[in-house]
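# Observations on the three-dimensional arrangement
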Amino acid sequence: MAEMLRVNNLVKHFPVRQGFFGRSRGKIHAVDGVSFTLEENQTLGLVGESGCGKSTIGFCILRLIKPTAGEVWFEGHNLVTAPPETLRQLRKELQIVFQDPFGSLNPRMTVAQIIEEPLLNHLDLSASRRREMVAESLSMVGLLPEHATRFPHEFSGGQRQRICLARALILRPKVIICDEPVSALDVSVQAQVLNLLSKLQRELKLSYLFVSHDLAVIRHVSHRVAVMYLGQIVEEADVKELYSRPLHPYTQALLSAVPVPNPRKRRRRILLEGDVPSPLDPSPACRFHSRCPNAMEICREAAPPLRSINEDHQVACHLYDENRPAPAESGNKKTLPAIPGGNTTNQTM
Amino acid sequence: MIRDLIHSPTLRLWQDTFRELKRSRSAIVGGVLILLIVGTSIAFPLFYRVDPLAQDLMSRLMPPVWQSGGSWAHPLGTDNLGRDVLSRILYGSRVSLMVGFSSVLVAEIMGILLGLFSGYYGGKIDTVIMRVADIFMAYPFMLLTISVIAVLGNSILNLILVLGISDWVTYARTVRGSVLALKEKEFVRAAHSLGTRNRTILRRHIFPNILSPMLVLGTVRVANIIIWESGLSFLGMGVPPPRPTWGRMLAEGRLYITDAWWLVTLPGLAIMMTILAINLFGDGLRDALDPRLRNV
C-alpha cells in the first residue's frame, strides 16, 4: 500500500497574549509532536474529546494555520515549508470538508458558483465545460443538476454537506480531510453521508483523514484509528484491533463510555475522574496521569513515548513498557533514553 | 446573452431583496417619502419659482398662509428679511441631501477599504490603521471640522470631504469587525483550502457579505450627516451664505422664535421628515438584505 500523506512530529502552540502590549503569558500546546501516516485509499480516523487538537491537525496539514514545527509530506513536498504558489497548486489534491454545513457555504453565492470555485482557481475552462463538471459533481454526491441555481439557505444540513463534498471532489483530489463532517447532522442523515463517503472512496480511490469525537462513526468509516489526548496520539491501531483490544487506559475508558443498545448486556464502565489538565504549558509527566486509574510513580515523572506492541498497534503508556520491570541495566538506557529512572520504578501495577 | 443576464444569480439576489423590500411597511413608507423628498428637491423649479434670495423688506416675518396675515404669495411665510420660507426650504433640501449622501459615499469608500485591509491582513497594517482610527475618534469632530473649514475655507466640496473623512472610522471599525468574524467562517477557510487567492477571497467572499450591513449603516449615517451639516451651518461653518440651508435657517430663525415660530419649526420639520424617511427605509433594507430572514 502506498503512502499518501505523512505527518512527522507536528507541533502547534498558540501563544496566549494578555494586556495592552500583548505580552506572552505562555503557550497553549494544541498539538504536541504528532506523527502518523495516511495510506492510499484508506481512512485514518482521528478520535478524541473536544479540545484535544484533532481539528488543529487538519488545519495544520492544509496550512490553514501555520504549524509551529514538524513536517507534512505530500507528493514529495513538505507542506509546512512549501512556498505559497507550490502550496496553492498542491491544494488541488488536498481538500477539506468542514463540520458546520451552514457556515461552510457562502450565503451569497449559488450552488453552481460555490462548486465551480476550485475550477476558476486552478483551471482555465469554458463556461459550458464548467457547467458540465458542476452537474457531474452534483450527481456524484446524489444531488440534481437543477440544484445548481439555488442558494445554500434553500437546502437542509445533509444536502449542504453534500454540496461541500461536491465542491471538494470537483478537482478529483487524492486526500480529503473530513473535519467532523457529520457531527452537525441528524443521526439518520449521518448514515447517508457516511455511506456516500465510503462509496466515493471506493469509486475515486480517495484517502480520508477522518476527524471525529464519535467512536461509532470512526469505527464505521476507518481502516486505522488514532486516539488523541491533549495534543498527543496515545494509541494507534487497526480499527478491529483497537476496538477489540484497546490498550491505553484512556482508550479503554472511551470505549466503555459508548452506550450499548442491549439492556441485558452487562458492561463495566470505567469512570474517569477529574478534568483534562490545562494545555497551557503542560508538565513533562504523562498527560493522562491525573485521571488514569492505573497511574504509577513513573507516570508523574516522565511521558511515555509511542511504542509498537505489534506491527499494527502502537500505544503510549508505561503499562506496556517491556523494559520497565527489568532490573537496572545499561541496555535499558539505550532503548529508552526518554525515560530517566525508568528502570528504578518497577512497582506493583 | 440576455437570458444569461436575466438568470444571473446576482440579479436574482437583488430581485429577491426588492421583493422583500416591498413586503416591509416601514421600507415602503420610508422609500416613498425619500422619493418624494428627492423628487421635490430636483423638480420644484418646475412649479414653484420664487427666488429664495429675493428680499422684500415690506413683507418681513409674514406668517404662513393659514394664519391671519398670511398670503398665497408666500405660502409658508417670510423671514426677517422678507425672503420666501418655502423656496428656502426647497433649495435647502438640495444642499442637505447632496452633502448627506456625498459625505456618506466618501466615508464608506474610505472606511470599507481601510476596514477590509485592517481586518483581513491583520498584524502591523491593522495596528497602524486602528491607532489612526483611535486618534480620529479621540479628536472632537466639531473641532476638526471647524479647523479644517477655517484653513481651507467653507465650500460645499470642503464640507463634504471633511464630514466624510471625519466619519470613516465608524465604517472602518464596523467593516473590520465583520471581516474578523467572516475570516473565521468556514466558507472563507474553505476558499483558502481550495486555493483561492487573498485578493479573490476579499472580492468574492468577504466584500459581498459586508456590503449589506454597510448599506444599512450608510442610510443611518446619511441622517446623522444631515444633522451635522445643519449644526455646522447653525454655527456658521457650513455652506457659505447666502445659499440657504436647513441648518442656517434654524440658526437665523431662532432670534425670532417668539414672534415667528415658522422660521425654526418648518425647516426643523423638514430635517425631521427626511431623517425619519431615511431611517425607516434603512430599517426595512436591513431586514430585506438578510437572506436568512427570508422564507423562501
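Note that the structure is a prediction, hence the values are computed from the model and not measured.

Here we come to the overall build of chain A. A count of helices and strands for chain A gives 10 helices and 12 strands. Expressed as a percentage of the 349 residues in chain A, the buried residues total 40%. If you take every contact in chain A between residues at least 6 apart in sequence, the share linking residues at least 24 apart comes to 62%.

The secondary structure content of chain B amounts to 12 helices and 0 strands. Counting the 296 residues in chain B, one finds 39% classified as buried. Sequence separation of 24 or more characterises 71% of the internal contacts of chain B that already satisfy a separation of 6 or more.

Now for the sheet that holds strand S9 (residues 224–229) of chain A. Either a parallel or an antiparallel arrangement is found when strands of a sheet pair, and the pairing is made through backbone hydrogen bonds. Residues and elements named next belong to chain A. Spatially, the 8 strands line up as an open sheet ordered S6-S7-S8-S3-S9-S10-S12-S11, and their pairing is mixed. Single-partner strands in this sheet number two, and they are strand S6 (94–97) and strand S11 (307–310). Across this sheet, the average inter-strand angle for adjacent strands is 20°, counted without regard to direction. In terms of strand pairing, strand S3 (residues 43–47) meets strand S8 (residues 207–212) through 5 bridges, oriented parallel. Bridging from a neighbouring strand, Val-47 pairs with Ser-212 of S8.

Residues and elements named next belong to chain A. Entries for chain A in the domain assignment read domain 1 (1–18 + 26–93 + 173–258 + 268–349) and domain 2 (109–170). Distance between the C-alpha centres of domain 1 and domain 2: 33 Å. With 11 residues of domain 1 in contact, the opposing surface of domain 2 contributes 8 residues. Sorting elements by how many residues they give to the side of domain 1 that touches domain 2 places helix H6 (residues 187–204) first, with 5 residues.

As a further point, take the environment of Tyr-139 of chain B. Residues and elements named next belong to chain B. Assignment of secondary structure puts Tyr-139 in the loop between helix H5 (123–138) and helix H6 (141–152). A residue is classified by how many C-beta atoms lie within 10 Å of it, and Tyr-139, with 13 of them, is partly exposed. Along the sequence, Tyr-139 and Gly-247 sit 108 residues apart, while their C-alpha atoms lie 23 Å from each other.

Below, the discussion takes up the interface of chain A and chain B. On the side of chain B, 19 residues touch chain A, which itself brings 24 residues to the contact. Secondary structure elements with two or more residues in the side of chain A that touches chain B: S6 and helix H3 (111–122) of chain A. For the side of chain A that touches chain B, the per-class residue count stands at 8 nonpolar, 9 polar and 7 charged.

The next point concerns the pairing of strand S4 (residues 69–74) of chain A. Residues and elements named next belong to chain A. Bridging between S4 and strand S5 (residues 77–78) involves 2 bridges; their strand directions are antiparallel. Note on S5: the bridge partner recorded for Phe-74 is His-77. The hairpin formed by S4 and S5 contains 2 residues between the paired strands, and Glu-75 there has a positive phi angle of roughly 55°.

Let us look at the nonpolar core. All names here are of chain A. Ranked by size, the top nonpolar core spans 141 residues in total, and within it Leu-46, Ala-166, Ile-176, Leu-209, Phe-210, Val-227 and Met-228 carry the most contacts. Taken together, domain 1 (1–18 + 26–93 + 173–258 + 268–349) and domain 2 (109–170) each give at least three residues to this core, which thus spans both. When residues no more than four places from it in sequence are discounted, the contact partners of Ala-166 are Ile-115, Ser-137, Leu-138, Met-140, Val-141 and Leu-143.

Take the packing of helix H4 (residues 85–121) of chain B against helix H8 (residues 168–183) of chain B next. Angle between the axes and distance between the axes are the two parameters that describe a pair of packed helices. Residues and elements named next belong to chain B. Between H4 and H8, whose axes approach to 7 Å, the crossing angle comes to 35°. The element H4 and its partner H8 pack so that their crossing is right-handed. Here Ala-107, Glu-108, Met-110, Gly-111, Ile-112, Leu-114, Gly-115, Leu-116, Ser-118, Gly-119 and Tyr-120 of H4 lie close against H8, whose contacting residues are Trp-168, Thr-170, Tyr-171, Ala-172, Arg-173, Thr-174, Val-175, Arg-176, Val-179, Leu-180 and Lys-183. Of the residues assigned to the contact of H4 with H8, the class counts are 12 nonpolar, 6 polar and 4 charged.

Here we take up helix H1 (residues 54–61) of chain A. Since the α-helix advances by 3.6 residues per turn, residues separated by three or four positions end up pointing in the same direction. Residues and elements named next belong to chain A. With 8 of 8 residues buried, H1 is to be regarded as a mostly interior element. Among the residues of H1, Lys-54, Ser-55, Thr-56, Ile-57, Gly-58, Phe-59, Cys-60 and Ile-61 are the ones counted as buried. Just past H1, the residue Arg-63 takes up positive phi, approximately 60°.

With that settled, consider unusual backbone geometry. Residue and element names in this part refer to chain A. Positioned with a positive phi, Asn-9 is a non-glycine residue whose angle comes to about 50°. Positioned with a positive phi, Asn-41 is a non-glycine residue whose angle comes to about 60°. Inspection of the secondary structure puts Asn-41 in the loop between strand S2 (23–39) and S3. Given 16 C-beta atoms within a 10 Å radius, Asn-41 is considered partly exposed.

For H8 of chain B, spanning 16 residues, the distance from its first C-alpha to its last is 22 Å, which sits close to the expected 22 Å at 1.5 Å a residue. Its buried side turned inward, H8 of chain B meets H4, H5, helix H7 (156–165) and helix H10 (198–234) of chain B.

A separate point is the confidence of the model for chain A. Residues and elements named next belong to chain A. Put simply, chain A has an average pLDDT of 84, and 90% of its residues get 70 or more. Averaged pLDDT values for the elements of chain A fall to 38 in helix H10 (residues 330–335) and rise to 94 in S8. For the stretch residues 326–349, pLDDT sits under 50, and the model shows 29 contacts to residues farther than four places along the chain or on other chains.

Here the focus is the confidence of the model for chain B. Residue and element names in this part refer to chain B. Summary statistics for chain B give a mean pLDDT of 84 and a share of 93% for residues scoring 70 or more. No element of chain B has a lower mean pLDDT than helix H1 (residues 2–6), which averages 52, and none a higher one than H8, which averages 91. Interface predicted TM-score (ipTM) for the complex: 0.77; the corresponding pTM is 0.77.

A word on the environment of Ser-147 of chain B. All names here are of chain B. Positionally, Ser-147 belongs in helix H6. Here Ser-147 falls in the exposed class, since 12 other C-beta atoms lie within 10 Å of it. In sequence terms Ser-147 and Asp-283 are 136 residues apart; their C-alpha atoms lie 35 Å from each other.

All names here are of chain B. With respect to the helices and strands, Ala-288 occurs in helix H12 (residues 262–289). Between the C-alpha atoms of Ala-288 and Asp-16, which are 272 residues apart in sequence, the distance is 8.2 Å. Beyond its immediate chain neighbours, meaning those up to four positions away, Ala-288 contacts Thr-17, Glu-20, Leu-21, Ser-24 and Ala-27.

With that settled, the discussion passes to the pairing of S8 of chain A. All names here are of chain A. The element S8 is extensively covered by neighbouring structure, given that 6 of its 6 residues are classed as buried. Burial of S8 is two-sided: the residues Ser-207, Leu-209 and Val-211 facing one way and the residues Tyr-208, Phe-210 and Ser-212 facing the other way are all buried. Where strand S7 (residues 175–179) and S8 come together, 5 bridges link them in parallel fashion. Each bridged residue has a counterpart across the sheet, and for Ile-176 the counterpart in S8 is Tyr-208. In this view, the connection linking S7 to its parallel neighbour S8 by way of H6 has right-handed handedness.

Conventions and cut-offs
- Residues numbered from 1 in each chain as written.
- Chains lettered and ligands numbered in written order.
- Predicted model: local features only at pLDDT ≥ 70, side-chain atom pairs only at ≥ 80, totals over all residues.
- Helix = DSSP H or I, 4+ residues; strand = E, 2+ residues; numbered from the N terminus.
- Buried ≥ 20, exposed ≤ 12 C-beta atoms within 10 Å, placed from the backbone.
- Contact = placed C-beta atoms within 7 Å.
- Pairing = 2+ DSSP bridges.
- Axes fitted to C-alpha atoms, helices over the stretch in contact; angles between N-to-C directions.
- Domains from an automatic or database assignment.
- Nonpolar A, V, L, I, M, F, W, Y, C, P; charged D, E, K, R; others polar.
- Core = buried A, V, L, I, M, F, W, Y, C linked by C-beta atoms within 7 Å.
- Left-handed = near helix turned anticlockwise from the far one by under 90°.
- Expected span 1.5 Å × (residues − 1).
- pLDDT = per-residue confidence, 0-100.
- Right-handed = clockwise from strand over helix to strand, strands pointing away.

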